[in-house]
Amino acid sequence: MAEGAIIPSNTPIQTYEDHEESILSVAVFPDGRRMVTGSIDKTLRLWDLKNGVVLKKMEGHGNWARAVAVTGDGQLITSGDDSGKLITWDGDTGDSLTLAIQAHNKAIYSLDFSPDGTVLATGSLDETTKLWRTEMRVQLQLERVIYCGDIVLCVRYSSPGEHLAIATKRDIQIWNPSSIQRIATFEGHAQFRSAIISNYSLAWTPDGTGLLSGGSNHDPNIREWDTSTWRPVGDPWKGHTDRIGAIAVNSAGTLVASASTDHCVRLWRFSDQQTIAVFQHSNWVNCLAFSADGKAIFSGGWDMKISKWAVPEDVLPHANIFAKNATARNTALLNAQKAISLNPSSYRGYQLEHEVFYGAQRYGEAVAAFEIMLSKLENAPNTHIRKLRQRYLSPSEAESAIRTVIHAQLDNCPLRVLDTTTGFLCDREAQTRIFNTSTEYKELLLFKMKYPNLKHIEEVASMYFSCAMLSHRWEGNEPLLHDIQDKAVYDLDAPGGIVKLQSFCKVARQAGCRWAWSDTCCIDKTNNAELQQSLNSMFVWYRHSALTIVYLSDVLPRSKAGALAKSAWNTRGWTIGEFLAPRVILFYQQDWTLYLNDQSPNHKKSVMIMQELGDAVGIDSRALVAFRPGLTGAREKLQWSSMRVTTLQEDIAYSLFGIFGVHLPVIYGEKKQNALGRLLQEVVARSGDISALDWIGTPSEFNSCLPADITCYNASPPILSSLSEDKMEKSVSLLQNVVPLELASEFYALLDQLSAPRFANCRLHLPCIVFPVTGMRWRRGQGQETSFTYEVKAEGLHDLLITTEDKPNHFLRAKLTRQTLLLVRPWTRCSLELPDFDNDTQSDANVSEVGSSLYSMPPGSRSRALRFIPRIGQPFGSFLDNFRGDKNSESHLQALQLIVRLGQPFNAFLLAQQPSGEYKRIASDRHVIAQVKDVSSVRSMMDVRTLEIL
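Residues numbered from 1 in each chain as written. Predicted model: local features only at pLDDT ≥ 70, side-chain atom pairs only at ≥ 80, totals over all residues. Heavy atoms only, no water.

Asker: Describe the packing of helix α7 (residues 439–450) against helix α8 (residues 454–464), with residues and values.
Answerer: Packed helices, taken two at a time, are described by their axes: the angle between them and the distance between them. Between α7 and α8, the least distance of the axes is 10 Å, while the angle of their chain directions is 175 degrees. Between α7 and α8, the angle is such that the two are roughly antiparallel. On α8, the residues touching Glu440, Leu444, Phe447 and Lys448 of α7 are Leu454, His456, Ile457, Val460 and Tyr464. (Axes fitted to C-alpha atoms, helices over the stretch in contact; angles between N-to-C directions. Helix = DSSP H or I, 4+ residues; strand = E, 2+ residues; numbered from the N terminus. Parallel < 35°, antiparallel > 145°, perpendicular 65-115°, else oblique. Contact = heavy atoms within 4.5 Å.)

Asker: Before we move on, could you go through the side chain of Ser251 and cite the residues and values that matter?
Answerer: Structurally, the position occupied by Ser251 is in the loop between β22 (244–249) and β23 (255–260). Look at Ser251 and you get buried, because its relative accessible area is 17%. In this structure the side chain of Ser251 is engaged in a polar contact, spanning 3.5 Å, whose partner is the side chain of Glu459. (Buried < 20%, exposed > 50% of the residue type's maximum accessible area, 1.4 Å probe, protein only. Polar contact = N/O pair within 3.5 Å; in protein donor to acceptor, adjacent residues only side chain to side chain.)

Asker: Explain the packing of helix α1 (residues 326–342) against helix α2 (residues 348–359) to me, using residue names and the numbers behind them.
Answerer: Viewed as axis vectors pointing N to C, α1 and α2 meet at an angle of 155 degrees, and their least axial separation amounts to 8 Å. By the angle between their directions, the pair α1 and α2 is classed as roughly antiparallel. Considering how the two elements wind past one another, α1 and α2 form a crossing that is left-handed. Contact residues: Arg329, Ala332, Leu333, Asn335, Ala336, Gln337, Ala339 and Ile340 in α1; Gly349, Tyr350, Leu352, Glu353, Val356, Phe357 and Gly359 in α2. Here the contact of α1 with α2 is composed, by residue class, of nine nonpolar, four polar and two charged. (Left-handed = near helix turned anticlockwise from the far one by under 90°. Nonpolar A, V, L, I, M, F, W, Y, C, P; charged D, E, K, R; others polar.)

Asker: Can you explain the pattern of salt bridges? Please cite residues and give values.
Answerer: By the definition in use, this model includes 31 salt bridges. A salt bridge links Asp150 to Lys169; the shortest N-O distance between them is 3.9 Å. Within this pair, whereas Asp150 is found in the loop between β13 (141–147) and β14 (152–157), its partner Lys169 is found in the loop between β15 (164–168) and β16 (172–176), the two being separated by 19 residues in sequence. Residue Glu948 is joined to Arg763 by a salt bridge in which the shortest nitrogen-to-oxygen separation is 2.6 Å. Here Glu948 is found in strand β44 (residues 944–949), whereas its partner Arg763 is found in strand β36 (residues 763–779), with 185 residues between them in sequence. For Glu948, a relative accessible area of 27% puts it in the partly exposed group. For Arg763, a relative accessible area of 30% gives the class partly exposed. (Salt bridge = Lys/Arg side-chain N within 4 Å of Asp/Glu carboxyl O.)

Asker: Give a detailed account of helix α19 (residues 672–687), specifying residues and quantitative values.
Answerer: For α19, with 16 residues, the first-to-last C-alpha span of 22 Å sits near the 22 Å given by 1.5 Å per residue. Here α19 has its buried residues at Ala675, Leu676, Gly677, Arg678, Leu679, Leu680, Gln681, Val683, Val684 and Ser687. Close packing links the buried residues of α19 with α16 (634–641), α17 (651–654), α18 (657–660), β35 (758–760) and β36. Where α19 terminates, the next one or two residues include Gly688, which has phi positive at roughly 75 degrees. (Expected span 1.5 Å × (residues − 1).)

Asker: How would you summarise the sheet that holds strand β10 (residues 108–113) if you had to cite specific residues and measurements?
Answerer: The strand order β10-β11-β12-β13 describes an open sheet built from four strands, whose pairing is antiparallel. If you trace the sheet from one side to the other, it starts and ends with β10 and β13, each paired once. Taken over all neighbouring pairs, the strand axes of this sheet differ in orientation by 20 degrees on average, direction set aside. Here six bridges tie strand β12 (residues 128–133) to β13, and the two strands are oriented antiparallel to one another. From the neighbouring strand, Thr129 faces β13, where its bridge partner is Ile146. (Pairing = 2+ DSSP bridges.)

Asker: Give me the lowdown on the nonpolar core, citing residues and values where you can.
Answerer: Counting residues in hydrophobic clusters, the biggest one holds 140 residues, and the most contacted among them are Trp517, Ile549, Phe579 and Phe587. Here this core gets eight residues from one element, more than from any other, and that element is helix α3 (residues 363–378). Every residue in contact with Phe579, bar those within four places of it in the chain, is listed here: Trp569, Ile585, Lys604, Leu613, Val617, Ile619, Leu624 and Arg644. Counting residues in hydrophobic clusters, the runner-up holds 42 residues, among them Tyr748, Phe771, Leu823 and Val900. (Core = buried A, V, L, I, M, F, W, Y, C linked by side-chain atoms within 4.5 Å.)

Asker: Account for the packing of aromatic side chains, with residues named and values stated.
Answerer: Tallied over the entire structure, the rule returns 28 aromatic pairs. When the centroid spacing of 5.8 Å and the interplanar angle of 80 degrees are considered together, the rings of Tyr16 and Trp47 count as edge-to-face. Taken as a pair, Tyr16 in strand β1 (residues 14–16) and Trp47 in strand β4 (residues 44–48) lie far apart in primary sequence, 31 residues in all. Taken individually, Tyr16 and Trp47 each receive the classification buried, so the pair is uniform in this respect. Relative to Phe270, the ring of Trp237 has its centre 5.7 Å away and its plane inclined at 80 degrees; by these criteria the two rings are edge-to-face. Highlighted residues: Trp237 in strand β21 (residues 232–237) and Phe270 in the loop between β24 (264–269) and β25 (274–280), separated in sequence by 33 residues. Judged by relative accessible area, Phe270 falls into the buried class, the value being 8%. For the cation-ring pair, Arg66 lies above Tyr109, with the distance from its terminal atom to the ring centre recorded as 4.1 Å. Across from the ring centre of Phe909, 3.9 Å away, lies the NZ or CZ of Arg921, which sits over that ring. (Phe/Tyr/Trp six-rings, centres within 6.5 Å; stacked < 30°, edge-to-face > 60°. Lys NZ or Arg CZ within 6 Å of the ring centre and 35° of its normal.)

Asker: Go over the sheet that holds strand β19 (residues 210–215) with me, naming the residues and quoting the values.
Answerer: Strand order across the open sheet formed by four strands is β18-β19-β20-β21, with antiparallel pairing between neighbours. Two strands bound the open sheet, and with one partner strand each, they are β18 (199–204) and β21. Sheet twist, expressed as the average angle between the axes of neighbouring strands with direction ignored, equals 20 degrees. Of the strand pairs in this sheet, strand β20 (residues 222–226) and β21 are connected by three bridges, and their pairing is antiparallel.

Asker: Describe the pairing of strand β26 (residues 285–290), naming the residues involved and giving the relevant values.
Answerer: Burial analysis of β26 places six of its six residues in the buried class, which makes it a mostly covered element. Bridge count between β26 and strand β27 (residues 296–301): five bridges; the pairing is antiparallel. When the sheet's bridge partners are listed, Val285 is paired in β27 with Gly301. Hairpin geometry of β26 and β27 is characterised by an intervening segment of five residues between the two adjacent antiparallel strands and by a positive phi of about 75 degrees at Gly294.

Asker: An account of unusual backbone geometry is needed here, citing residue identities and associated values.
Answerer: Most peptide bonds take the trans form, and the phi angle of most residues other than glycine is negative. A positive phi angle, near 55 degrees, is found at Ile180, a position not held by glycine. Inspection of the secondary structure puts Ile180 in the loop between β16 and β17 (181–186). Non-glycine residue Asn477 carries a positive phi angle of around 60 degrees. With respect to the element layout, Asn477 can be found in the loop between β31 (467–471) and α9 (481–484).

Asker: Describe helix α10 (residues 497–510), with residues and values.
Answerer: Along its 14 residues, α10 runs 20 Å from first to last C-alpha, staying within 8% of the 20 Å computed at 1.5 Å per residue. Among the 14 residues of α10, 10 are classified as buried, and the element is accordingly described as predominantly covered. Taken together, the buried positions of α10 are occupied by Gly497, Ile498, Lys500, Leu501, Gln502, Ser503, Phe504, Cys505, Val507 and Ala508. Buried residues along α10 sit in contact with β29 (416–419), β31, α9, β32 (515–517), β33 (547–551) and β34 (585–588). Downstream of α10 by a residue or two, Gly512 has a phi angle that is positive, lying close to 95 degrees.

Asker: Can you break down the environment of Leu388 residue by residue, with the values?
Answerer: Take Leu388: it is sitting in helix α4 (residues 383–388). Owing to a relative accessible area of 18%, Leu388 belongs among the buried residues under this scheme. In the structure, Leu388 is positioned 11 residues away from Leu377 in sequence and 6.9 Å away in space, judged by C-alpha atoms.

Asker: Pulling in residues and values, what's your account of the environment of Tyr551?
Answerer: Looking at the element boundaries, Tyr551 is found in strand β33. Separated by 35 residues in sequence, Tyr551 and Leu586 place their C-alpha atoms 8.7 Å apart. When residues no more than four places from it in sequence are discounted, the contact partners of Tyr551 are Leu470, Ser471, His472, Lys500, Tyr588, Gln589, Gln590 and Trp592. From its side chain, Tyr551 meets the backbone oxygen of Gln590 in a polar contact 2.8 Å long.

Asker: Help me get a handle on the side chain of Ser704, residues and values and all.
Answerer: Within the secondary structure layout, Ser704 lies in the loop between α19 and α20 (725–736). A distance of 2.8 Å separates a polar atom in the side chain of Ser704 from the backbone nitrogen of Arg921.

Asker: Quick rundown of the pairing of β12? Include the residues and the values.
Answerer: Of all six residues that make up β12, five are buried, and the element is covered over most of its length. Between strand β11 (residues 119–124) and β12, which follow one another and run antiparallel, lie three residues, and Glu127 among them has a positive phi close to 75 degrees.

Asker: Outline the environment of Val36, supporting the account with residue identities and numerical values.
Answerer: Relative to the helices and strands, Val36 resides in strand β3 (residues 34–39). If we ignore the near neighbours within four places in the chain, the residues touching Val36 are Ser25, Val26, Ala27, Phe29, Leu44, Arg45, Leu46, Met58, Val68, Val70 and Ile77.

In structure tokens, the structure reads:
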């Protein structure tokens with residue numbers, strides 16, 4: 001398209017107005033439904049893209065909010081300001097996860113997350129780029145500092161994450177972010193026109209093989225750089241007349257957008273660097289981003305609003321000018337044949353022929369023409385033309401790339417699904433065959449040959465193989481695999497479950513899902529290997545589903561709010577994972593109408609429905625929406641399931657495998673104690689989290705520290721008192737002149753030497769602070785007793801009462817045989833606010849276990865706990881070296897704080913030694929709360945060991 005033919009558009013299709021000052025930054029979420037913006041007004045805004053409303057005004061910065069970034073999963077937002085401060089926000093709610101931290105000494109100009117979201121790169125006017133680990137969410141951890149030698153204006157990761165490009169005012173630097181090795185440095189725009197500031201903006205192509213940069217007003221062009229030589233490719237992209245402050249590339253790698261202080265946004269075609277659209281603002285344009293689907297551009301600047309511009313349909317990746325115009329096709333085909341006859345060695349005639357056949361959906365001929373075009377490029381005498389071959393893939397290469405993506409996509413899908421179009425069951429092989437004969441596959445193959453972009457394949461595959469999962473309560477006459485094998489579900493005529501299955505498939509198809517899965521008929525329960533894989537993968541399948549449909553058979557049509565809470569669906573064991581795992585969920589009533597007539601596309605976004613569900617199941621509504629599987633927070637997860645029921649007793653444990661992210665053998669017939677014991681053993685063994693040992697009731701035959709039934713977790717853990725900051729300071733002051741420095745150091749060393757709790761072969765190895773029992777007396781009750789209360793004396797502890805089902809003669813025998821009884825305080829760093837960074841596990845829905853314990857504390861106590869934490873990566877042994885000095889040293893004071901904390905009430909276990917030397921826990925029907933008599937008597941707490949418990 002000639003430059004003169006372009007008429008600038010000054011009418012956006014939508015605007016987003018709420019900021020009070022100029023907009024400096026914008027980022028679109030990967031779900032395509034929201035965006036976040038930063039402004040000179042020192043705030044961020046979280047927007048609903050469809051309705052144009054502000055979902056959250058995000059405050060916390062004290063200076064211009066210049067840069068924003070969003071992780072690839074949309075779970076995390078980070079923003080930087082002109083004071084060099086950084087804030088992390090929750091991607092779902094917009095709530096701040098951290099206070100503003102001083103990340104740089106000067107303004108932060110650019111942010112970018114690594115492709116996997118685990119590292120954040122920040123670039124600043126202080127001439128550094130810093131890399132921060134993001135796993136803890138509530139606390140960014142500085143990992144590396146890159147000294148760039150000049151002010152940093154832009155940082156960008158390549159999509160594979162192999163390179164980090166940094167634009168400074170005088171050069172462009174390419175780094176390996178893993179090894180922190182500089183790969184290349186080149187002047188960039190400075191080599192063409194010297195200026196105070198030369199390089200303003202950067203963008204990688206989606207496949208990471210190309211780098212684009214935008215220059216200052218002295219060289220207001222886009223330049224492409226060869227990633228093998230880091231030399232410019234071809235001519236500069238000319239059109240802007242002033243500084244190019246932002247560049248974006250669409251996900252297909254076919255279009256480029258640029259924002260400039262010349263008041264314009266330009267849209268370029270990547271293949272020939274031609275401007276194809278100009279969008280006119282009334283003032284400087286500072287930032288821009290493509291929509292998730294690439295069909296729109298969002299740009300903002302000094303006009304204090306974000307404008308949404310439509311990308312012309314004829315330049316979208318799937319567009320083809322010959323698709324709907326037969327006359328144009330015939331003319332173009334004649335032109336192509338003429339070009340081939342005039343110059344048989346040129347690729348251009350075959351390129352045009354390919355486009356014509358592609359537009360006419362003559363895919364076989366299109367592929368053949370494309371293969372000839374590739375051969376002409378390979379054999380071209382001109383070096384520059386031969387290099388064009390590198391932009392394309394052969395049909396076999398494209399097929400291989402598509403096959404790899406499809407296999408990866410199906411790995412997270414059920415083994416067998418229903419085709420909602422035909423009603424037949426299909427396994428993964430059959431799904432792949434159907435896809436390979438589809439129009440979607442043929443178009444994707446041709447697209448991939450022209451545009452080697454994995455992300456687009458992933459988008460097409462995700463859409464084509466999108467699967468709806470059914471969550472329901474089993475009732476009579478549910479169809480099994482053999483009932484529908486080789487039959488079309490829609491043709492079956494039977495009462496009960498078949499009607500439910502047919503309705504489910506129809507609703508899934510109407511929602512745009514080609515495939516559907518139900519646990520009744522999509523698993524071969526006679527095949528043990530398939531059953532094992534299905535039960536261990538079910539949570540992942542729900543997690544990656546396009547939609548989970550919850551059918552509430554006992555919720556009548558037109559029911560009011562509250563009916564969901566009363567549904568029997570809420571009482572079933574398997575359904576907990578089925579509503580925690582999915583990202584998109586819809587609740588249907590008995591007649592297959594939407595619950596509360598809520599027509600929104602995702603009921604997880606409905607505050608009313610999530611609040612009702614959360615209240616009914618005892619789970620925080622935030623965890624319902626943003627749950628992440630993992631090993632932390634075991635006690636809370638077990639309490640969620642404590643009153644649920646399953647038809648098969650072992651399923652109460654198997655239904656929790658996905659919630660904890662564990663894979664274990666499924667052994668029907670082992671009984672629930674063994675199934676639950678194996679699960680809890682795995683959780684403790686892998687995480688060291690002993691909150692699973694906090695229960696009251698009957699002990700398990702698997703191990704006495706584990707419960708016989710999950711209902712033992714129903715009672716909430718006791719809320720133990722904690723000291724205020726003033727009381728802590730007073731207690732420490734009193735201990736300073738009582739507890740010798742050497743004794744505090746010795747005690748600290750004892751705790752340092754304890755390993756994490758571990759579970760193996762049904763035996764628990766539990767680190768403890770031990771208090772030997774010196775006396776135990778039965779307190780007689782009246783009438784028939786099912787439990788007995790004892791007055792217990794133990795060295796160093798206040799006397800306490802224990803109620804247990806064990807009869808008095810048990811303890812009488814212990815006394816006669818001199819059996820050792822112990823009261824112990826299980827040792828875990830997390831419970832004492834000492835995070836173990838070497839054994840960090842996956843975070844839960846909100847924050848990691850450590851973060852949860854810290855951030856649920858009052859501000860004063862939180863700061864105290866954070867002061868107590870050694871430097872990240874610092875061994876405790878090294879930490880102890882700091883004890884050398886006077887009694888007022890920081891290390892000595894921290895050790896005294898630990899001793900004071902150990903003097904607070906704690907949840908104790910009563911253990912009885914067995915003849916072979918191991919111990920067994922004596923269960924109680926209420927929590928055993930113990931407390932040290934005299935905190936200054938440190939010796940009474942220095943019996944520190946790891947006990948083996950059967």
